[in-house]
Amino acid sequence: MRVVKIVGVYFLVVLCMVQVMVKPIEAFTCQDIAVILKDCSAYATGKIPDPPAGCCGGVKQLEKMGVTKADQQKICNCLKTACTTYPDVKEAACIALPGKCGAKFPFQVSKFAKCDAITYP
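Let me sum up the structure you'll find in this document. (Residues numbered from 1 in each chain as written. Predicted model: local features only at pLDDT ≥ 70, side-chain atom pairs only at ≥ 80, totals over all residues. Heavy atoms only, no water.)

1. Here we look at the overall build of the protein
Part 1 of the reasoning: Broken down by element type, the protein carries 6 helices and 0 strands.
Part 2 of the reasoning: Listed by position from the N terminus, the elements making up the protein come as α-α-α-α-α-α.
Part 3 of the reasoning: Here the protein holds 121 residues, and 31% of them are scored as buried.
Part 4 of the reasoning: Long-range pairs, those at least 24 residues apart, make up 68% of the contacts in the protein between residues at least 6 apart in sequence. (Helix = DSSP H or I, 4+ residues; strand = E, 2+ residues; numbered from the N terminus. Buried < 20%, exposed > 50% of the residue type's maximum accessible area, 1.4 Å probe, protein only. Contact = heavy atoms within 4.5 Å.)

What follows is the structure, given as structure tokens:
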């Protein structure tokens, strides 16, 4: 009887492991991205002409987070939402941000970004 219980526990552990492998955990959320870019708000709203170092550090962190096409699409959609949702954010600031920070994305940071059309090497 004890062997049956042990085998049952092992079976449940293996089943849980398979479930995790089949359904990967989401690596980051739009809220995570908002926190990473918190230092960009003064630049994005036109209060200062250039992004501060903390903002550019966040942009470069996002650049490194875009490991897969799905990651890039997620980042693109989050940034598109941010450029669209917040009324004080300037479209020109969104577009210029990666270049001003020395980062490259396979999409334009814009409220008009075509996130579904991203091609990723």
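2. Quick word on the nonpolar core
Part 1 of the reasoning: Counting residues in each nonpolar core, the largest one holds 29 residues, and the members touching the most others are Ile33, Leu37, Val59, Leu62, Ile75, Leu79 and Phe107.
Part 2 of the reasoning: With residues near it in sequence (within four places) discarded, Ile33 still touches Phe28, Leu62, Ile75, Cys78 and Leu79. (Core = buried A, V, L, I, M, F, W, Y, C linked by side-chain atoms within 4.5 Å.)

3. Points about the state of the cysteines
Part 1 of the reasoning: Following the criterion strictly, the structure yields 5 disulfides and no others.
Part 2 of the reasoning: Covalent S-S linkage joins Cys56 and Cys101, the inter-sulfur distance amounting to 2.2 Å. In this structure the cystine formed by Cys56 and Cys101 twists about its S-S bond by roughly -70°; its chirality is therefore left-handed. With Cys56 in helix H4 (residues 53-65) and Cys101 in the segment after helix H6 (91-100), this residue pair connects regions lying 45 residues apart in the sequence. With respect to class, Cys56 is no different from Cys101; both count as buried.
Part 3 of the reasoning: Along the protein, the cysteines engaged in disulfide bonds are linked according to the scheme 1-6, 2-3, 4-9, 5-10, 7-8 when indexed in sequence order. (Disulfide = S-S within 2.5 Å.)

4. Details of the environment of Lys60
Part 1 of the reasoning: In this structure, Lys60 sits in helix H4.
Part 2 of the reasoning: With 43 residues separating them in the primary sequence, Lys60 and Ala103 have C-alpha atoms 5.9 Å apart.
Part 3 of the reasoning: Those residues within four positions of Lys60 in sequence are excluded, and the remaining contacts are Cys101 and Gly102.

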